[in-house]
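Structure assessment
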Amino acid sequence: MPVIETTIDTSSEAFRRNRDAMTPLLERLESELERARHARSDKARKRNEELGKLTVARRLDLLLDPDTPWLEVAPLAALGMYEGDVHGAGSRCGIGVVRGREVLVHANDPMVKGGTVYPMGVKKTLRMQAIAMENRLPVVMLVDSGGAYLPLQSEVFPDIDDGGRIFYNQAQMSKANIPQVCAVMGLCTAGGAYIPAMSDHVVHVDRTGAIFLGGPPLVKAATGEDVTAEELGGALVHCRDSGVSDYFASDDADAVRIVRDVVTTLPRTAKAFGPSRAPADPAYDPRELYGIIPPSTTIPYDCREVIARVVDGSEFHEFKALFGPTLVCGWAWIHGYEVGVLANNGILFSDSSQKAAQFIQLCDRMGIPLVFLQNINGYIIGREYERGGITKDGHKMVNAVATSTVPKFTVVVGASFGAGNYGMCGRAYGPRFLWMWPNAKIGVMGGEQAASVLVSVKNDQLAREGQPPLPPEFVEALKGPIMEQADKEGDAWYSTANLWDDGILDPARTRDVLGLAISAAANAPLEGRKVGYGTFRM
Ligand code: COA
């Protein structure tokens, strides 16, 4: 298989400039992750200790097999939102290995506002459930939450994608034979009681864990009855009297041990596909990506330089290399798994869109997962291209992306603008996972373009009214705030805070993260590959 030959000069001025621009972004990523995992108030820490509870980090350590990979999902959800300290939207989530089996873990953090559920917390839980359902991963929930964050209750309760959906999904997962194991390590109050109730296996920690529909204050107010949390819904009540819980645990560590035992008993299913080759490191150091990626999404570079640092041995079997050159397509291996790679090398034209549609059909037929390296400003526009049917050809690509059934993975390595986001498998197109690089930008269009469109709309309006166009100082005053807002709301930090992605990736970790994600995806059978036609040559 041909190895991509690099043309990068790592001693060049451009390489140094690019790396200098990437360095502060990587430093910010490290420090935000550190803060999200460990910055907790002394008060919250003290309270956790008083109650004899372990920290979430310690619970995860005990749960996961030693020295196995942990693919954390959305660690920076809710970054900068609310009071700025609802770290990870109140939970740690990810895919880890328990007794040799990949499971999806969702652990509330009681040291973040009592583990209460903010709107982003609901969104994160629903995302976790989507990952479990799509990839058919058993779920482990370490529950320790004060339930809905009451000051924002209207935003977490009533709608189709609010709190109720979590319990609905739990019922669907149980029906679909996706096991859910729940450890009750704190209060499960009101709606929160349904997290264990809807689970298939419930472990309950003595003294700290309690499940009830109405807590002691509510019971007192409603019935006048004086009752402690433990008497109302503690481990003994539910393991011995009510049968709500299945396993009595003496403390957190005991609960985690029982959860591991339960996971061991779950039936094992064969994976749908596996590695077809021995993994091999890329021929070039992935850290060179820091000097390859330009600071601005408008500066072009050859995406093969990225592929060369993401795939095994930098080997790449390129498809239709001379046709539709602004989209590079081809086959490669990542940690031994064969994948079809699509990477942008400029704007999408009719030929590159047709090539994408054909390549996606081929991979879908062959059951080969797709990896999109997205860096796209959009589809070409203009009279000539409209006449050439760019909309029709873009449709073929978007249609193929939407309806292909193999697992898809998207890494936004640069720009993610307009319909290009759709064609290159943006979030709405169902990639099993989607990550952003720290330099990535996302939006309908860039700030400058959005501002220019609005100025031209205004000038057209003025012209219709027989007035002169906006004077330059007004143009600047109109454009400034629009550009500022688009820039702020279009960066990777804003995206990850809003859970538009599954996390921001250090570019050098891309291959490893993709490998873990592809391995997790192989837990779900490849379905729906019975298409009614052969592959259309485009
Ligand atoms: N909504 C908003 N804030 C809440 C909350 C809720 N449901 N539950 C707890 N909090 C806040 C507390 O006000 C406190 O905030 P602070 O740190 O700014 O003072 C923080 O979370 C920690 O709560 P605290 O009671 O000090 O900690 P604890 O470890 O002793 O107890 C709980 C934690 C969750 C067991 C307890 O706070 C509780 O019972 N909360 C109410 C649960 C409930 O009835 N929820 C119903 C919603 S469906």
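In what follows, the structure referred to is the one given above.
Think of each chain on its own: its residues are numbered from 1, step by step along the sequence as written. At least 70 in pLDDT is required for a residue's local features to be given in this predicted model, at least 80 for side-chain atom pairs to be given and counted, and no such filter applies to totals for whole chains, interfaces and linings, which use all residues. Remark: hydrogens and water are excluded; side-chain values derive from all non-hydrogen atoms of the structure.

1. As for the nonpolar core
Where we set the bar: By nonpolar core is meant a set of buried Ala, Val, Leu, Ile, Met, Phe, Trp, Tyr and Cys residues that side-chain atoms within 4.5 Å join together. When accessible area is computed with a 1.4 Å probe and restricted to protein chains, residues below 20% of their type maximum are described as buried, those above 50% as exposed, and intermediate ones as partly exposed. The criterion used for residue contact is that any of the two residues' heavy atoms lie within 4.5 Å.
One finds Ile-307, Leu-373, Phe-409 and Trp-435 to be the most contacted residues of the largest nonpolar core, which totals 88 residues. With near-sequence residues (within four places) excluded, Leu-373 lies in contact with Val-306, Ile-307, Val-341, Leu-342, Ala-343, Asn-344, Val-411, Val-413 and Met-424. Of all hydrophobic cores here, the second largest spans 26 residues; its members include Leu-348, Ala-356, Ala-357 and Ile-380.

2. Section: the site of the ligand
Here is the rule we go by: Nearness is judged by heavy atoms alone; a residue qualifies as near a molecule or strand once a single heavy atom is within 4 Å of it. Nitrogen and oxygen atoms within 3.5 Å of one another constitute a polar contact, given that in protein one can donate a hydrogen and the other can accept it, and given that sequence-neighbouring residues count only through two side-chain atoms. Here the accessible surface of atoms and residues is derived via Shrake-Rupley with a 1.4 Å probe, and residues count as covered only by protein chains that are part of the display. In this text, helices come from DSSP runs of H or I with a minimum length of four residues, and strands from runs of E with a minimum of two, each type numbered from the N-terminal end. Any residue outside Ala, Val, Leu, Ile, Met, Phe, Trp, Tyr, Cys, Pro, Asp, Glu, Lys and Arg is labelled polar, Gly included; the first ten of those are nonpolar and the last four are charged.
Around the ligand, the structure places 14 residues, and the nearest of them are Lys-43, Arg-47, Lys-113, Gly-146 and Ala-148. Take Lys-113: an N or O atom from its side chain is 2.5 Å from an oxygen atom of the ligand. One nitrogen or oxygen atom from the main chain of Ala-148 is found 3.0 Å from a nitrogen atom belonging to the ligand. In the complex, 58% of the free accessible area of the ligand, which totals 870 Å², lies under the protein chains. Mapped by element, the contributors of at least two residues to the shell around the ligand are helix H2 (42-50) and strand S6 (187-189). In the shell around the ligand, the residues fall into seven nonpolar, four polar and three charged.

3. A short note on the pairing of strand S5 (residues 180-184)
Filter applied, for reference: Here, any two strands with at least 2 DSSP bridges between them count as paired.
Counting buried residues along S5, five of its five residues qualify, which places the element largely inside the surrounding structure. Residue alternation in S5 divides its side chains into two sets, Gln-180, Cys-182 and Val-184 and Val-181 and Ala-183, and both sets are buried. Of the strand pairs in this sheet, strand S4 (residues 139-143) and S5 are connected by five bridges, and their pairing is parallel. If you follow Val-140 over to S5, its bridge partner there is Val-181. Pairing analysis gives four bridges linking S5 to strand S7 (residues 201-205), with the strands arranged parallel. Bridge pairing in S7 links Cys-182 to Val-202.

4. Focus on unusual backbone geometry
The residue Ala-74 is not glycine, and still its phi comes out positive at about 50°. Among the secondary structure elements, Ala-74 is positioned in the loop between strand S1 (71-72) and strand S2 (91-98). Looking at Ala-74, the relative accessible area reads 0%, which means it is buried. One non-glycine residue, Lys-113, adopts positive backbone phi at about 45°. As for its placement among the helices and strands, Lys-113 is situated in the loop between strand S3 (101-108) and helix H4 (119-135). On the basis of relative accessible area, Lys-113 is assigned to the exposed category, the value being 52%.

The values are spatial; any link to function lies outside them.
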